[in-house]
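Per-entry structural report
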There are 2 protein chains.
Amino acid sequence: MTTATAKRSFVRLPREQRMREIEAAAREVFSQRGYDAASMTDIAKRAGVSEGSIYKFYTNKRDLLLTVIRTWYQSMIDEFMEKLSGVEGTRAQLQTVIWQHLKSIKANPDLCRLFFLEVRSADDYFDSDLFHLNRDYTHVLMDIIQGGIDRGEIRPDISIPLVRDMVFGGIEHRVSGFLVNRGDFDHDETANQLTDMVMAGMAAPAKTPNGLEALVERLERVADRFDGPGGGEG
Amino acid sequence: MTTATAKRSFVRLPREQRMREIEAAAREVFSQRGYDAASMTDIAKRAGVSEGSIYKFYTNKRDLLLTVIRTWYQSMIDEFMEKLSGVEGTRAQLQTVIWQHLKSIKANPDLCRLFFLEVRSADDYFDSDLFHLNRDYTHVLMDIIQGGIDRGEIRPDISIPLVRDMVFGGIEHRVSGFLVNRGDFDHDETANQLTDMVMAGMAAPAKTPNGLEALVERLERVADRFDGPGGGEG
DNA sequence: GATATTAGTGAATTTAATTTACCTAGTCTA
DNA sequence: TAGACTAGGTAAATTAAATTCACTAATATC
C-alpha cells in the first residue's frame, strides 16, 4: 500500500554500469527481434529503466545498436587472433580462418545478421570504426595468401582481394539460410570444402615432379658414355 | 480562378495503368532514398495520387516494394537467359554468367541493394516467388558446372552449391563498395579474374604431371640410341 | 436513368522514436 | 552541515510516418 504522496524514488547507478545494463538488454532485444521490430520501450523495460534514460547515454537507437555490435565484434576478433596464432603453413592457416569465421556465425547468427544488414550496408559504414575493425580482420587472410605467394605455394598472379571476397562472400552466401533460421550448415565440411576449393584455385602451377628432371639428365649422361662425343641432342 | 464551390474532380484511370504509374514512381523513390527513407507521401506525390490510393492496390509499403523488385528482377532474368543461349563450352558459359551478373549490378545498383537488404534477408523470403525466381537463376550456373563434370573438364567431387555460393557471394562482396556509392569496379577484369579462379579451382586433375610427357620423350630418344635388344639396367 | 462497383480523396488514427521539462541522489565546497 | 551543482532518472509531450476510415465521384451495366 503505497501512499498517494510517496515520493518517486529510483536507484542511481554509475554511468558505466548503467550503460552495460542497457547494452545487455539491447543486445537481447535486438537479437531476438531484429533492429526494426525491437522497440526502445522493450529495451528500456528489459533494462529496468525509463525510455528517456537511454537517450542520456546514446544519441539514438542506431547508436545503441552500433555500440552493441562493436563490443561483440571486438571480442570476436580477439578470440580469432588468439586461435590463429601458432598455426603454421598456408593451408592450415587458411583453414583456421575459415573455420573460425564459421564458428562465429554459428555462435551468434543474430548479431551477424544485424552486422550484415544494419551496419555494413549503411552509408556511413566506411567511415566507422567497425569498418576499420573489419578491415584488419580480413587483412589477416590476405597476409596469409601473400605468405603463400612468397613461399611459392601460390600463383603470384592471383588477385588477393578477389580471394578475400570469394572466401568471405562465399561463406556469407553459404550460411544465408542459416542466418534467417532456415536449415543449418555443416561446420567442418564447409570449412574443408572451401579450403580445398580455394587452395586448388590458387595453387602454383605444378613443376615437373621433384627431382625427376635431374634423374633424366643423369640417364642422358649415362647414354653419352655409350656413344661418345657428338651423339645426342637433336 | 477556381470558384470556391468547385467540385473536387480527378482523373480516373484503369487499374492496370494506375498501378504501373504508382510502381514507376515507387521505383524512383525507393532507388533514390532506399526503403526506410522513402516515404509513402513522396511516392504518392510523384505518382500524382493521394496516399490513400496506393493502399487501394497494395496492402502496404513492403508489398509495393516487392512488386517493384519483382518486375525488375524478372526482366533482368529474361535478358540474362537470352544472352546465355548460344554460348557453348563450360568456360565461356561461366564467363557469360559472371559477366551478365556484373552487368546487372552496374545497371541498377540501387535495386540490387534493395533486393539484397530488404528482400532477400526478410524472414518470408524463402516462401516468396522472388526466391523461386532467384533459385532458377542460380540453377543455370549449377547446370553449367554439372555439364563440365559430365564432359570430364571439372572434378566430379566438387560441391556444386559451394561453387555457386563462391561465385555469387564473391561477386557480392566485390561490388559491395560500389553498391553504397564508394568507388567502382572493373567489369571485365573482375569477370575474367573470377572465371580464372573458379575454373582453376574446379579443374579436373591433369592426367600426367605437367611436362612429364616431354621428359619421357627424351628418355625414349636415349633408349633409341642403343637401338637394339639387351640394353640392361645399370 | 437507376445502381453497383471501384478509383480516388484527405483527414483521422496509430505506433514508435525522440524531445522536453522536470525531479532527485550523490558529491563537492564554503 | 547547509547549499549548490552535476548527472542519473523519469514521464509526458512532440513528431513523423504508415495505415485506416468515411466519404466522394467516375464508369459500366442493366
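Every chain is numbered on its own, with residues counted from 1 as its sequence reads. A letter from A marks each chain and a number from 1 marks each ligand, given out in the order of writing. Local features are withheld for residues below a pLDDT of 70 in this predicted model, meaning they are given only at 70 or higher, and side-chain atom pairs are given and counted only at 80 or more; totals for whole chains, interfaces and linings count all residues. Neither water nor hydrogens contribute to the side-chain values; these are computed over all heavy atoms in the structure.

Quick notes on the overall build of chain A
Just so we agree on the cut-off: Elements are defined by DSSP. Helices are runs of H or I of four residues or more, strands are runs of E of two residues or more, and each kind is numbered from the N terminus. Only C-alpha atoms enter the radius of gyration; for comparison, a globular chain is expected to reach 2.2 Å times N to the power 0.38, where N is the number of residues. Residue contacts follow a heavy-atom distance rule, with two residues in contact if any of their heavy atoms lie within 4.5 Å. For the area figures, the Shrake-Rupley method with a 1.4 Å probe applies, and any residue is considered shielded solely by the protein chains shown. Note on charges: Lys and Arg go in the positive column, Asp and Glu in the negative column, and His and the chain ends are not counted at all. Lys charges are placed at NZ, Arg charges at CZ, Asp charges at CG and Glu charges at CD.
Secondary structure summary: chain A contains ten helices and zero strands in total. Each helix and strand of chain A, placed in order from N terminus to C terminus, yields the pattern α-α-α-α-α-α-α-α-α-α. In terms of C-alpha radius of gyration, chain A reaches 28 Å, well past the compact-globule figure of 17 Å for 234 residues. Its C-alpha atoms give chain A principal-axis dimensions of about 120 × 35 × 30 Å. Long-range contacts, defined here as pairs at least 24 residues apart, represent 69% of the contacts in chain A between residues at least 6 apart. Here chain A has roughly 12,800 Å² of accessible surface; of this, 51% comes from carbon and sulfur atoms. Looking at chain A, you have 30 positive and 36 negative side-chain charges, and the mean spots of the two groups are 10 Å apart.

Here we look at the pattern of salt bridges
This is how it is decided: The salt bridge definition used is simple: a Lys or Arg side-chain nitrogen within 4 Å of an Asp or Glu carboxyl oxygen. The buried label goes to any residue with under 20% of its type's maximum accessible area, the exposed label to any with over 50%, and the partly exposed label to all in between, with areas taken from a 1.4 Å probe on protein chains only.
On inspection of all chains with the given rule, the structure shows 32 salt bridges over all chains. Here Arg151(A) makes a salt bridge to Glu153(A), at a shortest N to O gap of 3.1 Å. Overall, Arg151(A) belongs to the partly exposed group, its relative accessible area being 46%. On the accessibility criterion, Glu153(A) (35% relative accessible area) is partly exposed. The shortest N-O distance in the salt bridge between Arg91(B) and Asp196(B) comes to 2.3 Å. Here Arg91(B) is found in helix H5 (residues 90-107), whereas its partner Asp196(B) is found in helix H10 (residues 187-202), with 105 residues between them in sequence. By sharing partners, the salt bridges in this structure join Glu79(A), Lys83(A) and Lys103(A) into a single network.

A short note on the domain arrangement of chain A
All names here are of chain A. Here is the rule: How far each domain reaches was decided by an automatic or database domain assignment. Note: buried area is the sum, over both parts, of the accessible area (probe 1.4 Å) each one loses when the two are combined. Think of a polar contact as two N or O atoms within 3.5 Å of one another; within protein, one of them needs to be a possible hydrogen donor and the other a possible acceptor, and neighboring residues in sequence only count if both atoms come from side chains.
Partitioning chain A into structural domains gives domain 1 (13-58) and domain 2 (70-224). Spacing between the C-alpha centres of domain 1 and domain 2 amounts to 36 Å. The interface is formed by six residues belonging to domain 1 together with seven residues belonging to domain 2. For the pair domain 1 and domain 2, the summed buried surface comes to about 480 Å²; carbon and sulfur atoms form 54% of the total. Among the residues of domain 1 in contact with domain 2, Arg27, Ser31 and Tyr35 are the three that bury the most area, contributing 78% of the side total. Taken together, domain 1 and domain 2 are joined by zero salt bridges. Applying the counting criterion to the domain 1 and domain 2 interface returns zero residue pairs in polar contact (both at pLDDT 80 or more).

A short note on the protein's contact with DNA strand D
Our working rule: Think of it this way: one heavy atom of a residue within 4 Å of a molecule or strand is enough to make that residue near it.
Surveying the vicinity of DNA strand D reveals 24 residues, the closest of which are Arg18(A), Ser50(A), Arg12(B), Tyr55(B) and Lys61(B). In this structure, Arg12(A) approaches DNA strand D through a side-chain N or O atom, which is 3.1 Å from a base nitrogen. Among the secondary structure elements, those contributing two or more residues to the surface near DNA strand D are helix H1 (15-33) and helix H3 (51-57) of chain A together with helix H3 (51-57) of chain B. Among the elements that line the surface near DNA strand D, the one with the most residues is H3(A), at four residues.

Looking at the relation of the copies chain A and chain B
Put simply, the rule is: When the copies are superposed, the least-squares fit draws on C-alpha atoms of residues that have pLDDT of at least 70 in both.
The transform that puts chain A on chain B rotates by 179° and translates by 0.6 Å along the axis, for an RMSD of 2.2 Å. Both copies are brought into coincidence by an operation consistent with a two-fold rotation axis. Across chain A, the smallest distance between a C-alpha and the rotation axis is recorded for Gly201(A), namely 0.8 Å. Interface overlap between copies is the fraction of interface residues in one copy that are interface residues in the other; for chain A against chain B it reaches 75%, indicating a shared surface.

Notes on the interface of chain A and chain B
Spelled out, the test is: When residues are sorted by character, Ala, Val, Leu, Ile, Met, Phe, Trp, Tyr, Cys and Pro go into the nonpolar class, Asp, Glu, Lys and Arg into the charged class, and all the rest, Gly among them, into the polar class.
Between chain A and chain B, the residue contacts involve 48 residues of the former and 42 residues of the latter. Run the count over chain A and chain B and you get six salt bridges. Measuring nitrogen to oxygen at the nearest pair gives 3.3 Å for the salt bridge that ties Asp123(A) to Arg113(B). Elements represented by at least two residues in the side of chain A that touches chain B include exactly helix H6 (109-119), helix H8 (160-179), helix H9 (187-202) and helix H10 (212-227) of chain A. The leading source of residues in the side of chain A that touches chain B is H8(A), at twelve residues. For the side of chain A that touches chain B, the per-class residue count stands at 22 nonpolar, ten polar and 16 charged.

Quick word on the side chain of Asp165(A)
Position of Asp165(A) relative to the elements: it lies in helix H8. On the basis of relative accessible area, Asp165(A) is assigned to the buried category, the value being 3%. Not counting residues up to four positions away in its chain, the partners in contact with Asp165(A) are Gly170(A), Gly169(B), Gly170(B), His173(B) and Arg174(B).

A few points about the protein's contact with DNA strand C
As a structural note, the neighbourhood of DNA strand C is formed by 23 residues, with Arg12(A), Arg12(B), Leu13(B), Arg18(B) and Ser50(B) the closest of them. Each atom of DNA strand C within 4 Å of the protein was classed as base or backbone; sugar and phosphate made up 65%. Leu13(B) places a polar main-chain atom, nitrogen or oxygen, 2.8 Å from a phosphate oxygen of DNA strand C. Arg15(B) is positioned with one of its side-chain polar atoms (N or O) 3.3 Å from a phosphate oxygen of DNA strand C. Contributing elements (two or more residues each) for the surface near DNA strand C: H3 of chain A together with helix H1 (15-33) and H3 of chain B. The element that contributes the greatest number of residues to the surface near DNA strand C is H3(B), accounting for four residues. Considered class by class, the residues forming the surface near DNA strand C number nine nonpolar, five polar and nine charged.

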